[in-house]
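# Geometric and topological summary
Here is what each chain is made of, one letter per residue.
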Amino acid sequence: MGIGMMLGAHLGPRARSHIEHADVVFVAASDPVVELWLFGMRPDARSLQVFYAEGTSRRETYRRMTAAVLDAVRSGARVCAAFYGHPGVFATVPHDAIALARAEGFQACMEAAVSAEDCLYADLGLDPGRVGCQHFEASQFLFYSRCIDPSALLVLWQVGIVGDRSCRRFSTGAAHRRLLVERLGRDYPADHEVIVYEAATLPIAAPRIERLPLSALPGADLRMASTLVIPPARAMRPDPAVLARLAQLEAELR
Ligand code: SAM
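Keep in mind it's a predicted model, so treat the numbers as computed, not measured. Within each chain, residues carry numbers counting from 1 in the order of the written sequence. Note on the predicted model: pLDDT of at least 70 is required for a residue's local features to be given, and 80 or more for side-chain atom pairs to be given and counted; whole-chain, interface and lining totals, by contrast, use all residues. The side-chain figures draw on all heavy atoms in the structure; neither hydrogens nor water molecules are used.

## Observations regarding the sheet that holds strand β2 (residues 46-47)
Definition in use: The criterion for strand pairing is that DSSP finds at least two bridges linking the strands in question. In this text, helices come from DSSP runs of H or I with a minimum length of four residues, and strands from runs of E with a minimum of two, each type numbered from the N-terminal end.
Sheet architecture is open: three strands sit in the order β2-β1-β3, paired in parallel fashion. Both outer strands of the open sheet, β2 and β3 (79-83), are each paired with one neighbouring strand and no more. As paired strands, strand β1 (residues 24-28) and β3 are joined by five bridges and run parallel to one another. Counterpart to alanine 28 in the pairing with β3 is phenylalanine 83.

This is the structure we're talking about:
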């Protein structure tokens, strides 16, 4: 289940009930204060943060987290694993744990929650329905040949570790970001305004909304919690072939 992004603000009643009534609770919070808040509800909760270690591949870390959750499930306990944000959005362990549990014959479900994406629409005043919205993990976007539409919004997740092929780093630097800028330069002008976004995780804090030209991205302060939002660079182009077909169809139906 997800606890949302902001301490106390996004926890739904069903999610709260899972935390209160499960035999075993695991927690993966974004912020030590958020983790403490959850320990306030369940002092016996087990933190998944202990599995993170500098130099260990994130794939291995996620495998160990999933194994810890599954071990508790196999012991016969009712298990709740609480992740920050939405548990199904850019998150490996919740999907893997549910799939494995089901494959072994256990009942498992995912409880939807508020993700960083939901917060960015609110904080930046953006509606994904207006011109469409594309989401990519930043490194995947760099490693693979992807077609993007610069007339829609583009959101790049995990931009703070863009280009990390080792899956072991907690940040990458200006050289990696220059590659990202180079790749984005195929579709956006160098002076195009991009937004570094960080949702507030505490009610007393404000979101970080930093607007800068694309060319300045290599020097920006990008962290684990940073998401890059790229507004459209051009207007949507009508498709004359489809519009002509539609006009023909409308005439036939008249
Ligand atoms: N499950 C999470 C969710 O629902 O938002 C996303 C987890 S994903 C492993 C981590 C990425 O989420 C970060 O690299 C960043 O792109 C985004 N993220 C995490 N915390 C954030 C925050 N406070 N504000 C904006 N984006 C955030």
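## Quick notes on the environment of serine 47
Here is the rule we go by: Partly exposed residues are those whose accessible area sits between 20% and 50% of the maximum for their type, while under 20% is buried and over 50% is exposed, using a 1.4 Å probe and protein chains only. The criterion used for residue contact is that any of the two residues' heavy atoms lie within 4.5 Å. In protein, a polar contact requires one atom able to donate a hydrogen and another able to accept it; more generally it is a pair of N or O atoms within 3.5 Å, and residues adjacent in sequence count only if both atoms are side-chain atoms.
With respect to the helices and strands, serine 47 occurs in strand β2. The class of serine 47 is buried, set by a relative accessible area of 16%. With near-sequence residues (within four places) excluded, serine 47 lies in contact with Val27, Glu35 and Phe39. A distance of 2.6 Å separates a polar atom in the side chain of serine 47 from a polar atom in the side chain of glutamate 35.

## Description of the sheet that holds strand β6 (residues 193-198)
We count it as follows: Lines fitted to the C-alpha atoms define the axes, with helices restricted to the stretch that makes contact. Angles between their N-to-C directions range from 0 to 180 degrees.
The strand order β4-β5-β8-β6-β7 describes an open sheet built from five strands, whose pairing is mixed. Every other strand in the sheet has two partners, leaving β4 (133-137) and β7 (208-213) as the edge strands with one partner each. Strand-to-strand twist of the sheet, defined as the mean angle between neighbouring strand axes without regard to direction, takes the value 20 degrees. Across six bridges, the pairing between β6 and β7 is antiparallel. Among the inter-strand pairings, glutamate 193 is bridged to a residue of β7, identified as proline 213.

## Thoughts on the side chain of serine 151
Here serine 151 is to be found in the loop between α7 (138-143) and β5 (153-157). A relative accessible area of 5% means that serine 151 is categorised as buried. At a separation of 2.7 Å, a polar atom in the side chain of serine 151 contacts the side chain of aspartate 149.

## Details of the packing of aromatic side chains
The relative placement of two aromatic rings is captured by the distance of their centres and the angle of their planes. Condition: Pairing of aromatic rings covers Phe, Tyr and Trp, the last through its six-membered ring, and needs centres within 6.5 Å; plane angles under 30 degrees mean stacked, over 60 mean edge-to-face, and all others mean tilted.
Enumeration over the complete set of coordinates arrives at two aromatic pairs. Judged by centre distance (4.3 Å) and plane angle (15 degrees), the ring pair of phenylalanine 90 and tryptophan 157 falls under stacked. On the criterion of sequence distance, the pair formed by phenylalanine 90 in the loop between β3 and α4 (92-103) and tryptophan 157 in strand β5 is long-range, its members being 67 residues apart. The exposure class assigned to phenylalanine 90 is partly exposed, which follows from its relative accessible area of 41%. For tryptophan 157, a relative accessible area of 8% corresponds to the buried category. Considering the side-chain rings of phenylalanine 136 and phenylalanine 141, the 5.6 Å spacing of their centres and the 40 degrees angle between planes classify their relative orientation as tilted.

## Here we look at unusual backbone geometry
The backbone phi angle of phenylalanine 90 is positive, close to 50 degrees, even though this residue is not glycine. Of note in this structure, glutamine 158 is not a glycine but carries a positive phi near 55 degrees. The residue glutamine 158 is located in the loop between β5 and α8 (174-184) in this model. What makes glutamine 158 partly exposed here is its relative accessible area of 30%.

## Digging into the site of the ligand
Filter applied, for reference: It suffices for a single heavy atom of a residue to lie within 4 Å of a molecule or strand for the residue to be listed as near it. The Shrake-Rupley method, run with a 1.4 Å probe, gives the accessible areas here. Residue values count only the displayed protein chains as cover. The residue classification treats Ala, Val, Leu, Ile, Met, Phe, Trp, Tyr, Cys and Pro as nonpolar and Asp, Glu, Lys and Arg as charged. All others, Gly included, are polar.
Neighbouring the ligand are 17 residues; His86, Val89, Ala199, Met224 and Thr227 lie closest to it. A distance of 2.8 Å separates an oxygen atom of the ligand from a polar atom in the backbone of alanine 116. Within the side chain of threonine 227, an N or O atom sits 2.7 Å from a nitrogen atom of the ligand. When the free accessible area of the ligand is taken as 570 Å², the share hidden by the protein chains comes to 93%. Each residue belonging to the shell around the ligand can be placed in one class, and the counts come to ten nonpolar, six polar and one charged.

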